[in-house]
Amino acid sequence: MPDVLLQETTLRVPEADIGRFRDHIFELLSTRTAYELLPDSGKVIALDSNLPVKQAFHILYEQGIPVAPLLDTYKGEFVGVLSPLDFILILKALSNHGSNLAEEELESHTISAWKEAKQHLSRQIVMHQRQSQRQLIHAEPYDSLKDVALKILQNQVATVPIISSRGESFPHLLYLASLSEIMKCICRHFRHSSVSLPILQQAICTIPVGTWIQRIGESNGKHLAMLRPNESLSSALALLVQAQVSSIPIIDDHDCLLDAYSRSDITSLAKDNAYARIHLDDMRIYQALQLRQESNSHYGFYKGQRCQMCLHSDSLQKVMEQLANPGVRRLFVVEAGSNRVEGIISLSDVFRFFFSLA
Amino acid sequence: MGNVSGRDEIEDGGDDDPSFRSRSDADPGSIHVSRIRSVDSAEGWPPESPGRSRSPLVFAPQIPVPPLPGAGDAPRLFNQQWVNEPDQSLDGPFEKGIPTLITWNHGGNVVLVEGSWDNWTSRKHLQRSGKDHAILMVLPSGVYQYKFIVDGQLRYTPDLPFATDGMGSITNILDVHDYVPENVESISEFNLPPSPNSSYSWSFPTNEDFAKVPPAVPPQLHLTVLGMQNTDEASLKPQHVVLNHLFIEKGSSSQSMVALGLTHRFQSKYVTVVLYKPVNR
């Protein structure tokens, strides 16, 4: 069986096809603007940056959202976003200091105080290649979709708030854009179009996109990080931060996919104040997954399924259509039948391929 | 519906209908029906939405009227009475079909259309009315290429969006949206009444004033999309009357945090922003 797979991977897509495809996508995204992503009637939740971190944690959990923009009411400006990574770092920082995750600590720290502390922390710990910015990363409603996508990729974020501030007396928060909606726009364009792009029908394992275990697909050099369910939550959180990934597949002893732990699952620790009662080192991943199951959050679910899967033989178009579904950020490539994990393809992987970024 | 009336006239008979001709003379580029007709002949439209049927309102809510077909638009209908054409076979998974009108205004006797909706396999006749030809297609949301066959010749219309495909030939492009965009120009600005005749000499409210029961909230303000749990309901367009009103979450008075909500319009889209703020007690 490995020989058959090797044969498939040697049928690489011709460079000319890739080039035509990239040109087409580039043109499509350059002519459309962020305004088109806005739904007819949409809702955005924002937080005052002077809210205590604990309350912010609970709001995100109760509203079932992973990310919220931060408004500094004194300045009258949006100054950043609160994301799951912030909570992961806060919990790790508090547990590193040896104290129990006392509720008082989280209650007294405001979000803005945390963001300042994070700046100090980032000088001590090498977390990301990007410099920590005090500038809000945002897009205007008439920026092209190409600019919005590049902003998301280059700043390694999941969402970008769309804020109308040019020519306005105060900034209008309109929407939180992510690569998912841009992918939906692209798929809509190709679905019934007769533009001939043979690359769309190529098997995904022949295209240099995604992270794969060896010998199956074109590896991008990154190691595919996976964990067992009985490993500690703190190891999962450490891996999420250090490997700069947003989700880790949880596998059994035969490397078969059971579930996935994502950064956004951290908010499920707010259920019944679980974060205050546990030690990150003691809690097991399967317990954290159970907590998430009990929470009301539907974020990250599509049609009731948490992990979206595909086969290595699926076409590029099919993979793109799956990634365009709301709430889906990554696909786990599994072996048919056994669910053995072969690779992961995320939205940012595909967009990096579109723009020929590393 | 305006276009419904137009179709009736097409069936009644083309060149001899003077009223239809006079309208088409007014705007030679497309089938043009006056706006007043469209409101009069609307039957069973707009569709009753749950939010509206529950309201104790007397006034009629604003109805977004689809924009009239113009040179730059792909014209579209939004009438629930149209049913899917039985001979329409669409490949692939079933998606909600949206009625869309395709028109040809450059003469000819027999006009057909073929397109990428069924991968160019079939051609459909357009119905003729005088010099204009039209067909109603029901298509899922997406982007399509199509061509006209006018008296046996492949043609495209420069009135509607077109592009060259990779092979050097020109096709028209149809972008079918699954919503009716708000026609922003048709919304007239609310004329603010002048300030009432009074001076700025009123005294500051005292505790007695605050003890009085505040006036009741006008019932139409209860139609806010805030607090709607069901996401289907919440994605309906908000009533214009609740725009730019600041709402506060009930029960916030005892907590250290308050939730404020505001719905406003940005171009043709509506945005509801909820802000959580700490409150100093």
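Analysis parameters
- Residues numbered from 1 in each chain as written.
- Chains lettered and ligands numbered in written order.
- Predicted model: local features only at pLDDT ≥ 70, side-chain atom pairs only at ≥ 80, totals over all residues.
- Heavy atoms only, no water.
- Helix = DSSP H or I, 4+ residues; strand = E, 2+ residues; numbered from the N terminus.
- Contact = heavy atoms within 4.5 Å.
- Areas by Shrake-Rupley, 256 points an atom, 1.4 Å probe, with all protein chains shown as cover.
- Domains from an automatic or database assignment.
- Buried area = accessible area lost by both parts, 1.4 Å probe.
- Salt bridge = Lys/Arg side-chain N within 4 Å of Asp/Glu carboxyl O.
- Polar contact = N/O pair within 3.5 Å; in protein donor to acceptor, adjacent residues only side chain to side chain.
- Phe/Tyr/Trp six-rings, centres within 6.5 Å; stacked < 30°, edge-to-face > 60°.
- Buried < 20%, exposed > 50% of the residue type's maximum accessible area, 1.4 Å probe, protein only.
- Lys NZ or Arg CZ within 6 Å of the ring centre and 35° of its normal.
- pLDDT = per-residue confidence, 0-100.
- Disulfide = S-S within 2.5 Å.
- Pairing = 2+ DSSP bridges.
- Axes fitted to C-alpha atoms, helices over the stretch in contact; angles between N-to-C directions.

Asker: Would you explain the overall build of chain B in this entry?
Answerer: If you tally the helices and strands in chain B, you get six helices and 12 strands. The long-range fraction of contacts in chain B, counting pairs at least 24 apart against all pairs at least 6 apart in sequence, stands at 63%. With an accessible surface of roughly 17,300 Å², chain B has 55% of that area assigned to carbon and sulfur atoms.

Asker: Honestly, the domain arrangement of chain A in this entry has me stumped. Any pointers?
Answerer: A common way to report how large an interface is uses the accessible area buried once the components associate. All names here are of chain A. In terms of domain boundaries, chain A breaks down into domain 1 (3-13 + 194-354) and domain 2 (34-184). Across the contact, 36 residues belong to domain 1 and 30 residues belong to domain 2. Both sides of the domain 1 and domain 2 interface together cover about 3,000 Å² of buried area, and 72% of this is carbon and sulfur. Taken together, the links from domain 1 to domain 2 amount to zero salt bridges. Across the contact surface, domain 1 and domain 2 share two residue pairs in polar contact (both at pLDDT 80 or more). Elements with a minimum of two residues in the side of domain 1 that touches domain 2: helix H9 (233-242), helix H10 (274-277), helix H12 (316-323) and helix H13 (347-354).

Asker: Could you clarify how one ought to interpret the packing of aromatic side chains in this entry?
Answerer: We describe a pair of aromatic rings using the distance from one ring centre to the other and the angle between the two ring planes. In this structure the tally under the stated criterion is 11 aromatic pairs over all chains. Where B:Tyr156 meets B:Phe162, the ring centres are 5.0 Å apart and the plane angle is 50°; that geometry is what we call tilted. Residue B:Tyr156 is classed as partly exposed on the basis of its relative accessible area, which comes to 29%. Each member of the aromatic cluster is reached from another via a ring pair, and the members are B:Trp104, B:Trp117, B:Tyr144, B:Tyr146 and B:Phe148. The lysine or arginine in question, A:Arg22, covers the ring of A:Phe353, its NZ or CZ lying 4.8 Å from the ring centre. The ring of A:Tyr35 has B:Lys269 sitting right over it, with the charged end atom 4.7 Å from the ring centre.

Asker: Explain the confidence of the model for chain B to me, please; I cannot follow it from the model alone.
Answerer: Low-confidence regions, as indicated by low pLDDT, have predicted coordinates that should not be scrutinised in detail. All names here are of chain B. With 57% of its residues at a pLDDT of 70 or more, chain B shows a mean pLDDT of 68. For the stretch residues 1-93, pLDDT sits under 50, and the model shows 117 contacts to residues farther than four places along the chain or on other chains. Prediction confidence for the complex, expressed as pTM and ipTM, is 0.74 and 0.85 respectively.

Asker: Explain the state of the cysteines to me, please; I cannot follow it from the model alone.
Answerer: By definition, a disulfide links the sulfur atoms of two cysteines through a covalent bond. Taken as a whole, this structure holds zero disulfides over all chains when the rule is applied. With no disulfide of its own, A:Cys205 lies 10 Å from the sulfur of A:Cys310, the closest cysteine sulfur.

Asker: Please explain the sheet that holds strand S9 (residues 309-310) of chain A as it appears in this structure.
Answerer: The pairing of strands in a sheet comes from backbone hydrogen bonds and takes either a parallel or an antiparallel form. Residue and element names in this part refer to chain A. Taking strand neighbours across the sheet as the criterion, the four strands line up as S6-S11-S10-S9 in an open arrangement whose pairing is mixed. Each edge of the open sheet carries a strand with a single partner, namely strand S6 (211-212) and S9. Looking at chain direction, S9 and strand S10 (residues 330-334) are connected through two bridges and run parallel. Along S10, the bridge assignment pairs methionine 309 with phenylalanine 332. Together, S9, S10 and strand S11 (341-346) form the strand contacts of H12, whose direction differs from that of S10 by roughly 135°.

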